[in-house]
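# Chain and residue survey
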Amino acid sequence: MLPRLESESDFRELLESAGDMIYVIDLEGRFTYTNHAIEEAGGWEPGELVGRHFLDVVAPDSRGSAIDHFRRGVAGVDVPPFIEVEALRKDGTTFEIETRAGSLYRDGELVGRYGIARDITELKHLQSEVHEKSRRLAMMEDQARAAMDLYRQIAELTLGASSDTAAAFRGVQSSLATARAERLGLSARDLRIVELLSEGCSNAEIGEDLHLSANTVKDHVSKIMGRLGAHRRAE
């Protein structure tokens, strides 16, 4: 049988021994309690965070989402319990955490918010690696298909299997262009946009050809210019 928790000291001992980071903040966003795990993860001394605002331990890029989540929680607005933020250690370095937050009541009155967080830095790193490897694998597959198409067309030219030599050469040139574009991170759609740009088409005209909005085309053009180091559409 598990022992009963009968006193505040029992609960505090349980919180202090937990592997997850646990904290409580008041309605102004200031820490009123942090357990040992959160202090250890951030390099803080015991009790050092008490009285400080929670934004002091949130990296700048995550502060907007963190304060919005807090305010909505205090206001009683339906908000997802989980939030991922980039946290700040005392030495200024950062780490990724996932927090499950909730409202804290005393005698039916809202007195603050609490959170149970865990370090997901390694998980995010692994996810990033998997994404990058998947992207590279997809690129390699595209390159392999382009190479096989190129070899086929060269074989047709060499063996005289093609009745239209000019068309075959155009096919080879297209395959070479595709391979060069893929090395620059450009897709077949990007190539079509470049082709239409070279014909002097506007964003609206390109969008009509590709069934995209003019704004979406504008974003694609900006990406293409960045990949090619161009400063103007005419380049």
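In this report, the structure presented in the accompanying data block is examined. The numbering scheme is per chain: residues are counted from 1 as the chain's sequence reads. Restriction of local features to residues with pLDDT of at least 70 applies here, the model being predicted, together with a cutoff of 80 or more for giving and counting side-chain atom pairs; totals for whole chains, interfaces and linings are based on all residues. The basis for every side-chain value is the complete set of heavy atoms in the structure, and neither hydrogens nor water enter the calculation.

### Focus: the sheet that holds strand E4 (residues 94–106)
Here, a strand pair is defined by DSSP locating no fewer than two bridges between the strands. Counting from the N terminus, the helices are DSSP H or I runs at least four residues long and the strands are E runs at least two residues long. Read across the open sheet, the five strands follow the order E2-E1-E5-E4-E3; overall the sheet is antiparallel. Taken across any chain shown, the strands that pair with only one partner, and hence form the sheet edges, are strand E2 (31–34) and strand E3 (82–88). The average angle at which neighbouring strand axes cross in this sheet is 30°, direction not considered. One ladder, built from six bridges, connects strand E1 (residues 21–26) with strand E5 (residues 109–119); its direction is antiparallel. Paired with tyrosine 23 across the bridge in E5 is glycine 115. To define axes, lines are fitted to C-alpha atoms, for helices over the stretch in contact only, and angles between the resulting N-to-C directions are given on a 0 to 180 degree scale.

### So, the pattern of salt bridges
The rule for a salt bridge is simple: a side-chain nitrogen of Lys or Arg has to be within 4 Å of a carboxyl oxygen of Asp or Glu. By the definition in use, this model includes eight salt bridges. In this structure, aspartate 56 engages arginine 52 in a salt bridge whose closest nitrogen and oxygen atoms are separated by 3.5 Å. Burial status follows relative accessibility: with a 1.4 Å probe on protein chains alone, a residue under 20% of its type maximum counts as buried, one over 50% as exposed, and anything between as partly exposed. Overall, arginine 52 belongs to the partly exposed group, its relative accessible area being 31%. Where arginine 72 meets aspartate 68, a salt bridge forms, and the shortest distance between an N and an O atom there is 3.9 Å.

### Remarks on the packing of helix H7 (residues 203–210) against helix H8 (residues 214–228)
Two elements in contact, H7 and H8, have axes separated by 8 Å at closest approach and are oriented at 100°. By the criterion of interaxial angle, the relationship of H7 to H8 is roughly perpendicular. Contacts between H7 and H8 involve Asn203, Ala204, Ile206 and Gly207 from the former and Ala214, Val217, Lys218 and Val221 from the latter. Under the scheme applied, nonpolar residues are Ala, Val, Leu, Ile, Met, Phe, Trp, Tyr, Cys and Pro; charged residues are Asp, Glu, Lys and Arg; polar residues are all the others, including Gly. Partitioned by chemical class, the residues of the contact of H7 with H8 number five nonpolar, two polar and one charged. Roughly parallel here means an angle under 35 degrees, roughly antiparallel means over 145, roughly perpendicular means 65 to 115, and every remaining angle is called oblique. Contacts: residue pairs with any heavy atoms within 4.5 Å of one another.

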